[in-house]
Amino acid sequence: MPYSNFTLSKVKSDFRITTIETETLFPQIEPVQPGELLRLNLKENLSLATAINTEKARSELIIMPVLTEVRRVLKGQVSLFSGVEFNVDLERGLNGTCDFILARSPEQFFVTQPVVTIVEAKRENIPSGLGQCIASMIAAKQFNEQEGEPIPIIYGVVTTGTEWKFLKLIGQTAYIDSSSYFISEVDQILGILVATVEPEPGRVVITQ
């Protein structure tokens, strides 16, 4: 069963996950100012992406430029994948395609550990992607463990491109940020992504 089949209630039931929705996950994040290329890209393409209003347009015109900016800020020390299969555990339903994956490795020809970010694009509905995001976060945690590089905290994001909702997974508890971030706050979004992807002990990001 692919990740997209997981609703929030199903992922909680199947994996015995508890959710907490009352905390701000990044209350004191250091903003990262976007580079000139990202600023121009958003200026030119934001209205176009929202007018077309498909997941593909939002992915190509908003989300990918933000993620490539993260890779630029980190000087290419993370790898970025788009639309790749991430089949971790077929028996548990942890398989399917992820819109975007960031891994804390410069290796760009295949996905390697530790996976730090999985990004799932949604056209309009953030809540509908939460179950899928958490399932992908569980898969990333298991993938890292299988590859001998376990990380205790997994982060995730469900995004429409214009709205970004962050999550984190610790053990069997998934925290859903009580705050949402909007593309007008791109410096905050970049700050969060950079902080969670940076090669610091105990951090992994999944963006969904």
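This is a predicted model, so every value here is computed, not measured.

Asks: Describe the packing of aromatic side chains, listing the residues and the values that go with them.
Replies: Scanning the entire structure with this criterion turns up five aromatic pairs. Where F26 meets F166, the ring centres are 5.7 Å apart and the plane angle is 75°; that geometry is what we call edge-to-face. Of the two residues, F26 sits in the loop between β1 (18-20) and α2 (36-52) while F166 sits in strand β6 (residues 163-170), which places them 140 residues apart along the sequence. Their ring planes at 80° and their centres at 5.9 Å tell us that F166 and Y181 sit as a pair that is edge-to-face. Pair noted here: F166 is in strand β6 and Y181 is in strand β8 (residues 181-182), with a separation of 15 residues, a long-range link. Judged by its relative accessible area of 1%, F166 is buried. One aromatic cluster is present, formed by F26, Y155, F166 and Y181 through successive ring pairs. Over the aromatic face of Y175 sits the side chain of K168, whose NZ or CZ is 5.1 Å from the ring centroid.

Asks: Any details on the nonpolar core? Residues and values, ideally.
Replies: V66, W164, F166 and L193 are the most contacted members of the largest nonpolar core, which has 36 residues in total. For this core, the secondary structure elements donating two or more residues are α2, α3 (55-73), β3 (97-103), β4 (115-121), β5 (153-159), β6 and α5 (186-197). The dominant element in this core, judged by the number of residues it contributes, is α5, at eight residues.

Asks: Outline the packing of helix α1 (residues 8-15) against helix α4 (residues 130-146), supporting the account with residue identities and numerical values.
Replies: At a minimum axis separation of 7 Å, α1 and α4 run at an interaxial angle of 35°. Here L8, V11 and F15 of α1 come into contact with α4, specifically with L130, G131, I134, A135 and I138.

Asks: Outline unusual backbone geometry, supporting the account with residue identities and numerical values.
Replies: Even without being a glycine, R16 presents a positive backbone phi close to 55°. In this structure, R16 sits in the loop between α1 and β1. The exposure class of R16 is exposed, given its relative accessible area of 72%. Here the phi dihedral of K75 falls at roughly 55°; this positive angle occurs in a residue that is not glycine. With respect to the element layout, K75 can be found in the loop between α3 and β2 (79-85).

Asks: Lay out α5 in plain terms, naming residues and giving numbers.
Replies: Given a rise of 1.5 Å per residue, 12 residues ought to cover 16 Å, and the 16 Å separating the end C-alpha atoms of α5 matches this to within 8%. Across the 12 residues of α5, 10 count as buried, placing the element largely inside the fold. The set of residues buried in α5 consists of V186, I189, L190, G191, I192, L193, V194, A195, T196 and V197.

Asks: Kindly report on the pattern of salt bridges, identifying the contributing residues and their values.
Replies: Any two side chains of opposite charge can pair if their charged atoms end up close together. Applying the stated criterion to the full structure yields five salt bridges. K56 is the salt-bridge partner of E60, the closest N and O atoms lying 2.5 Å from each other. With E60 and K56 both in helix α3 and four residues apart, the pair spans about one turn of that helix. A residue is classified by how much of its surface remains accessible, and E60, at 46% relative accessible area, is partly exposed. You can call K56 exposed: its relative accessible area is 56%. For the salt bridge of E69 with R72, the shortest nitrogen-to-oxygen distance reads 2.7 Å. Of this pair, E69 and R72 are both found in helix α3, three residues apart, which corresponds to roughly one turn of the helix.

Asks: Please provide a residue-by-residue account of the pairing of β6, values included.
Replies: Counting buried positions over the eight residues of β6 gives six, a clear majority of the element. Judged from the seven bridges that link them, β5 and β6 form a sheet pairing that is antiparallel. By the bridge assignment, V158 is partnered in β6 with K165. Relative to β8, β6 runs antiparallel, the two being bridged by two bridges. Along β8, the bridge assignment pairs E163 with F182.

Each value, and the rule that gives it
Position labels on residues start from 1 in each chain and follow its written sequence. This being a predicted model, a pLDDT of at least 70 is required before a residue's local features are given, and a value of 80 or more before pairs of side-chain atoms are given or counted; all residues contribute to the totals for chains, interfaces and linings. Neither water nor hydrogens contribute to the side-chain values; these are computed over all heavy atoms in the structure. Stacked, tilted and edge-to-face are the three classes assigned to paired rings of Phe, Tyr and Trp, where Trp is represented by its six-membered ring and a pair needs centres within 6.5 Å; plane angles under 30 degrees give stacked, over 60 edge-to-face, the rest tilted. Here a helix means four or more residues in a row that DSSP labels H or I, a strand means two or more in a row labelled E, and each is numbered from the N terminus. Using a 1.4 Å probe on the protein chains alone, a residue whose accessible area is under 20% of its type maximum counts as buried, one over 50% counts as exposed, and one in between counts as partly exposed. Any Lys NZ or Arg CZ found within 6 Å of a ring centre and within 35 degrees of that ring's normal is scored as a charge over the ring. Residues grouped as a nonpolar core are buried Ala, Val, Leu, Ile, Met, Phe, Trp, Tyr and Cys residues, joined through side-chain atoms within 4.5 Å. Helix axes use the C-alpha atoms of the stretch in contact, all axes being lines fitted to C-alpha atoms, and the angles between their N-to-C directions lie in the range 0 to 180 degrees. Contact criterion: two residues are considered in contact whenever any of their non-hydrogen atoms come within 4.5 Å of each other. Expected helix span is given by 1.5 Å per residue-to-residue step, counting one fewer step than there are residues. A side-chain nitrogen of Lys or Arg and a carboxyl oxygen of Asp or Glu constitute a salt bridge if their distance falls within 4 Å. Note on pairing: two strands pair once DSSP finds at least 2 bridges between them.

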